[in-house]
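Chains, contacts and geometry: an overview
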Amino acid sequence: MNILKVWMSMITEHDRTFASYQNRPNITKEIMNKIYQKLKGAKIVEMYIGYLEVYRRLKAEGTKLVFDIGWDDEMSLDKYREYLEIADYFTPNQKEALKITHSSNVKEAANKLSEFFDTVIIKLDKDGCLVVQNGNHHIIPPLPNINAIDPTGAGDAFLSGFIYGIYHEYPLEDAIKFGNITGGTCVEDIGCLTKYVTEKELLEIASKVYK
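Our subject in this report is the structure included herewith.

1. Brief notes about the overall build of the protein
Helix and strand counts for the protein stand at 8 helices and 8 strands. Looking at the 211 residues of the protein, the share that counts as buried comes to 41%. If you take every contact in the protein between residues at least 6 apart in sequence, the share linking residues at least 24 apart comes to 49%. When the accessible surface of the protein is summed, it comes to about 12,500 Å², and 51% of that surface belongs to carbon and sulfur atoms.

Structure (structure tokens):
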């Protein structure tokens, strides 16, 4: 199964954007089974479009599922409904949340996402992360004193800290704090993997910043 992926990042004075291409292969039952065998027994798995049946099998076996999507001009709740219905966590940024729910503000987007999740998570970029539970809105603040240079990869970096917290069975709020730390650290240098924290540094920062 040969997959060609091409990405190009363009950084402007005010923002950055990506141009990407991927020749998605025909996803056969054989490919599905191979992926399932590789993921079987995993405690937590990040979901990708196209492998729904694999995730349904994993979900039935107790695997936690995290759904995080990149930008799509045609995203909507109906388009991703089957993934949202089985995901344990969905971590859109505010721009994605507004687009997928066709909402005019973050509060409205959160209310629509509550159809699928008891706890709604929306990343607010430099303003931290919004958590909505039982109708209560709470913002977990970002890592303070960030010297933001390049936001490339911040979403994936957030996800690494968040999944670390879920995997090690920290409370959800702590997992989000970890995500704020890894995501915030990422933007302090150019490129996706230039600035990061080790596990020891992550826990030390969390203990000092989020007392």
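From this point on, the discussion continues.
2. Examining the sheet that holds strand 3 (residues 44-47)
Taken in spatial order, the 3 strands make up an open sheet running 3-4-5, and their pairing is parallel. Edge strands, defined here as strands with exactly one partner in the open sheet, are strand 3 and strand 5 (89-90). Both strand 4 (residues 64-67) and strand 5 contribute to a ladder of 2 bridges, which runs parallel. Directly across from Val 66, in strand 5, lies its bridge partner Tyr 89.

3. Description of the pattern of salt bridges
For the structure shown, the criterion picks out 14 salt bridges. Across the salt bridge formed by Glu 169 and Lys 43, the nearest N and O atoms sit 3.1 Å from each other. You can see Glu 169 sitting in the loop between helix 6 (154-167) and helix 7 (172-186) and its partner Lys 43 sitting in the loop between helix 1 (29-39) and strand 3, a full 126 residues away along the chain. Given the relative accessible area of 36%, Lys 43 is considered partly exposed. Via salt bridges that share partners, Glu 53, Arg 56 and Glu 82 belong to a single interconnected network.

4. What to know about the side chain of Lys 177
When you line up the elements, Lys 177 lands in helix 7. Overall, the relative accessible area of 15% leaves Lys 177 in the buried class.

5. Concerning the packing of aromatic side chains
According to the stated counting rule, one finds 10 aromatic pairs in the structure shown. Both rings, one in Tyr 164 and one in Phe 178, keep their centres 5.7 Å apart while their planes meet at 70°; by these two values the pair is edge-to-face. Of this pair, Tyr 164 sits in helix 6 while Phe 178 is found in helix 7, placing the two residues 14 residues apart along the sequence. Under the relative-accessibility criterion, Phe 178 is labelled buried at 4%. Among the aromatic side chains, those forming a connected cluster through ring pairs are Phe 67, Tyr 80, Tyr 83, Phe 90, Phe 116 and Phe 117. If you follow Arg 57 out to its NZ or CZ, it ends over the ring of Tyr 36, 3.6 Å from the centre. The residue whose ring lies beneath Lys 95 is Trp 71, and the NZ or CZ to ring-centre distance is 4.9 Å.

About the thresholds
- Residues numbered from 1 in each chain as written.
- Predicted model: local features only at pLDDT ≥ 70, side-chain atom pairs only at ≥ 80, totals over all residues.
- Heavy atoms only, no water.
- Helix = DSSP H or I, 4+ residues; strand = E, 2+ residues; numbered from the N terminus.
- Buried < 20%, exposed > 50% of the residue type's maximum accessible area, 1.4 Å probe, protein only.
- Contact = heavy atoms within 4.5 Å.
- Areas by Shrake-Rupley, 256 points an atom, 1.4 Å probe, with all protein chains shown as cover.
- Pairing = 2+ DSSP bridges.
- Salt bridge = Lys/Arg side-chain N within 4 Å of Asp/Glu carboxyl O.
- Phe/Tyr/Trp six-rings, centres within 6.5 Å; stacked < 30°, edge-to-face > 60°.
- Lys NZ or Arg CZ within 6 Å of the ring centre and 35° of its normal.

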